[in-house]
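Listed below, chain by chain, are the residues.
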Amino acid sequence: MHHRLAAALAALLCAASGLAQAQDRTGDTATPAPPRLIVTVVVDQFSANLFNQYRSRWTAGLRRLSDEGLVSTNGYQTHGLTETCPGHSTVLTGMHPAQTGIPSNDWIDPATGEEVYCLAAPRNTLAHGRNSDNGPVGPDNIRASSLGDWLKAQRPDARVFAVSGKDRGAINLAGHHPDGAFWFTDGFGLTTYVEPGQDAARRLAPVDAFNRAFRRRQADAPHAWTYTRPQCRALEADWTIRGDVLHSRVPPARDKFDASPSLDEETLKAAAYLIDSQNLGQGPTTDLLGVSLSATDRIGHAYGSQGPEMCEQMHRLDAALGEFLTRLEAVSGGVILVLTADHGGSDFVERLAQRGYPHAHRISSTPLAEINADLQARFRLDAAPLQSGSSGLIVADGGQRRLPEPLRGEIIAAALPQLRVMPDIVFAEARDTLLTAPLPDSLQPEMLTLEQRMRLSAVDERSSDIIMVRAPNVTGGGRVGGNIAGHGTPWDYDRRVPIVFWKPQGTGQERFLPIRTIDIAPTLAAVVDIASPVVEGHALPLWD
């Protein structure tokens, strides 16, 4: 375990002991019993814009959450590099990515030039016996403790599980010592990571029966993505994207289970299965279940957010969540659910431009190539020194290994003035300079400057050498059959997310002032009456 994390958990146990002693002395019994189950639902790439766009059209689960929940449509991921791994890392830690140590989905190891996945854990294996997806993974790279860790430290009988379409969704929500963190892998069902000395079969045992039933369902009746709403069919159209044509319709040309509404439906079935098979919410203390729903993100990347594909996804997600909420109402120990997103997203720029946003376009690679050619000649290098990194540019040799000092610093100093006048670039700064600034106060997330937003994402040795920001609705790359739309920017269409707290028989309430995803963990800790370490978020008052 990371030494800072171990120290934090030790301090947490001391704080919890003091809290319990104080409660014993006062004999206070007026506080209602906390719910026996916390459910945290993260919908990947679920912007506040998308939530508001479909809010009046839902009829099932998302409608219930909207009508019966405590709704904040001005929720924020406060940081600037809005990707899946860092966004998930904020939800149950109460900390910014700069503190969780997860700046992006991946980064370049400056010593080796190798790409490092955010949750890479080379010492581990995967329980299904194949080195698939992102390879061996685990929570090792996460530098902050989370709500599940706090529960485990203070209430050893607590059960902590998470399930997702993606490994980074499950592992971030589960924390460092869960009873299980599961995600879907092709041709198998749910898998998990196995640490040295652990038994793979035992690690998979909680979902073994689910996997058998899942594989039977896939064999007997493969998923079908068809129209269920005429208003979705009306959105069909053809779009030319970088010379290729996207035939936007349902089912899409490359219809796959893990990029369709079926992925979320099966994930919610798995969540309900865990509640039933593990008796979550039925024990003497509070249990935690994390649920990360990945289909909205994969559909948004492949088809954008304003076509028939996303329309059908929104309605099928609504229906699946309706069934899940009905299951939660039967939890006898009581339940509280929070729904949010790891980041937002935008539509593909070709459709945006046609619909009134003429500035939306794909950036040209020519200006950067010209700067690279100048720097290579000026410093007499064998290769272009500015290479793509997850959050900007790394300064490296042809093998993506970090150039030595003082050469690296000299190249950065020479590159920054040229990068700052590039078309469509509105911010460029050296990571090392950015890290000299203290972490900003994020209580008013909509007021943070670009520099402050990017500071909340910056991590030494993991963030890129030069951190850059493109103008709004300007993107790079993209191809039909791959990703044509995305996220990752510090602009509010990527930062603003819904945050909804719900409980059975709760009273609906709307709150318009901004809150942050980092406020979720301390709020839930207060609800279930456990101590939290010092975190950046703060506990919100919920229902009166």
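Located above this text is the structure these notes cover.
These figures come from a predicted structure and were not determined experimentally.

Engineer: Please explain the pairing of strand E12 (residues 287-293) as it appears in this structure.
Structural biologist: Consecutive side chains of a regular strand alternate in pointing toward one face of the sheet and then the other. Counting buried residues in E12 gives 7 out of 7 residues, a clear majority hidden from the surface. Taking every second residue as pointing to the same face, both faces of E12 are buried, with Asp287, Leu289, Val291 and Leu293 on one and Leu288, Gly290 and Ser292 on the other. Relative to E12, strand E1 (residues 37-43) runs parallel, the two being bridged by 7 bridges. Each bridged residue has a counterpart across the sheet, and for Val41 the counterpart in E12 is Val291. Bridge analysis of strand E6 (residues 160-164) against E12 gives 5 bridges, and the strand direction is parallel. Considered in E12, the bridge of Ser164 is made with Ser292.

Engineer: Would you mind going over the state of the cysteines with me for this structure?
Structural biologist: Each disulfide consists of one covalent bond between the sulfur atoms belonging to two cysteines. The final tally for this structure, using the stated rule, is 2 disulfides. In this model, Cys232 is linked to Cys311 through a disulfide, with the two sulfur atoms separated by 2.0 Å. Between Cys232 and Cys311, the S-S dihedral sits near -70°, and the bridge is therefore left-handed. Here the residue Cys232 occupies a position in helix H10 (residues 230-233), and Cys311 occupies one in helix H13 (residues 308-329), the gap between them amounting to 79 residues. Each member of the pair Cys232 and Cys311 is classed as buried. Sequence-ordered numbering of the bonded cysteines in the chain gives a pairing of 1-2, 3-4.

Engineer: Explanation requested: the environment of Arg516 in the structure shown.
Structural biologist: Assignment of secondary structure puts Arg516 in strand E22 (residues 515-516). The class for Arg516 is buried, based on a relative accessible area of 3%. In the structure, Arg516 is positioned 309 residues away from Val207 in sequence and 33 Å away in space, judged by C-alpha atoms. There is a polar contact of 3.2 Å between the side chain of Arg516 and the side chain of His538.

Scoring rules and cut-offs
Residues numbered from 1 in each chain as written. Predicted model: local features only at pLDDT ≥ 70, side-chain atom pairs only at ≥ 80, totals over all residues. Heavy atoms only, no water. Buried < 20%, exposed > 50% of the residue type's maximum accessible area, 1.4 Å probe, protein only. Helix = DSSP H or I, 4+ residues; strand = E, 2+ residues; numbered from the N terminus. Pairing = 2+ DSSP bridges. Disulfide = S-S within 2.5 Å. Polar contact = N/O pair within 3.5 Å; in protein donor to acceptor, adjacent residues only side chain to side chain.

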